[in-house]
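Chains, contacts and geometry: an overview
These are the residues of each chain, in order.
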Amino acid sequence: MYKHILLASDGSENAVRAAKEAVKLASYDKESIIDVIYVIDYEKSKTDVLHANSSEAIDVERRKKNSKVIQFLQEENANFKTTILRGKPGPEIVRYANDQEVDIIVIGSRGLNTLQEMVLGSVSHKVMKRAHCPALIVK
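Residues numbered from 1 in each chain as written. Predicted model: local features only at pLDDT ≥ 70, side-chain atom pairs only at ≥ 80, totals over all residues. Heavy atoms only, no water.

Under the defined criterion, the tally for this structure stands at seven salt bridges. In this structure, the salt-bridge partner of glutamate 31 is lysine 3, at a minimum N-O distance of 3.6 Å. Here the residue glutamate 31 occupies a position in the loop between helix H1 (13-26) and strand E2 (33-40), and lysine 3 occupies one in the segment before strand E1 (4-8), the gap between them amounting to 28 residues. With a relative accessible area of 60%, glutamate 31 lands in the exposed category. Of the charged contacts in the structure, one is a salt bridge between glutamate 13 and lysine 68, with a shortest N-O distance of 3.0 Å. Note that glutamate 13 is positioned in helix H1 and lysine 68 in helix H4 (residues 67-75), a separation of 55 residues in sequence. Judged by its relative accessible area of 43%, glutamate 13 is partly exposed. (Salt bridge = Lys/Arg side-chain N within 4 Å of Asp/Glu carboxyl O. Helix = DSSP H or I, 4+ residues; strand = E, 2+ residues; numbered from the N terminus. Buried < 20%, exposed > 50% of the residue type's maximum accessible area, 1.4 Å probe, protein only.)

This paragraph deals with the packing of helix H5 (residues 89-100) against helix H7 (residues 123-130). Two numbers describe how H5 lies on H7: the axes approach to 8 Å, and their chain directions differ by 35°. Once H5 is placed against H7, the crossing between them reads as right-handed. Contact residues: H5 offers Pro89, Gly90, Ile93, Val94 and Asn98, while H7 offers Val123, Lys126, Val127 and Arg130. For the contact of H5 with H7, the per-class residue count stands at five nonpolar, two polar and two charged. (Axes fitted to C-alpha atoms, helices over the stretch in contact; angles between N-to-C directions. Left-handed = near helix turned anticlockwise from the far one by under 90°. Contact = heavy atoms within 4.5 Å. Nonpolar A, V, L, I, M, F, W, Y, C, P; charged D, E, K, R; others polar.)

Another aspect to go through is a positive patch on the surface. On the surface, Lys88, Lys126, Lys129 and Arg130 cluster together into a positively charged patch. Examined against the element boundaries, arginine 130 turns out to sit in helix H7. (Patch = residues over 30% accessible without salt bridge, like charges linked within 9 Å, V, L, I, M, F, W, Y side chains within 5 Å. Areas by Shrake-Rupley, 256 points an atom, 1.4 Å probe, with all protein chains shown as cover. Lys, Arg positive; Asp, Glu negative; His and termini not counted. Charge placed at Lys NZ, Arg CZ, Asp CG, Glu CD.)

With that out of the way, let us pick up the sheet that holds E1. Pairing within the open sheet is parallel, and its five strands lie in the order E3-E2-E1-E4-E5. The strands lining the two open edges of the sheet, one partner per strand, are strand E3 (80-86) and strand E5 (135-138). Pairwise comparison of adjacent strand axes, ignoring direction, gives a mean angle of 25° for this sheet. Relative to E2, E1 is paired through five bridges, and the arrangement is parallel. Within E2, the residue paired with alanine 8 across the bridge is isoleucine 37. (Pairing = 2+ DSSP bridges.)

Here H1 spans 20 Å end to end across 14 residues, near enough to the 20 Å set by a 1.5 Å rise per residue. For H1, the complete set of buried residues consists of Asn14, Ala15, Val16, Ala18, Ala19, Ala22, Val23, Leu25 and Ala26. On the buried face of H1, the contacting elements are E1, E2, H4, strand E4 (104-108) and E5. (Expected span 1.5 Å × (residues − 1).)

Treat this as a map of the structure, not an account of what it does.
Right under this line is the structure:
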């Protein structure tokens, strides 16, 4: 069914819910791999650098953010790999998905209201509109 599943993660509870759905999809084919993508947003990374003591501290903090998702995948004995990208989350996820020709993208919804989504735009909405493969948005 889906051999290459891209799980876009920011480490939030919504990302953990999305991981649960990715595991369900992967369970249909034992050769499936879940590619966990974590995008370091340039705007937020500037703040991280200014407030960190060292580059190692920054790296540890970034890995901590995604640890709930990784821990869940390990507990489920899922076949997964982690990829860290840099840039704006929406475009980077789409670029990676299209370049790697993934079969499906699984992404959590942040739960913006209609006005917030219209003004700010959501990463999941941008991904859904621009990816060349199906996208599952998990609420």
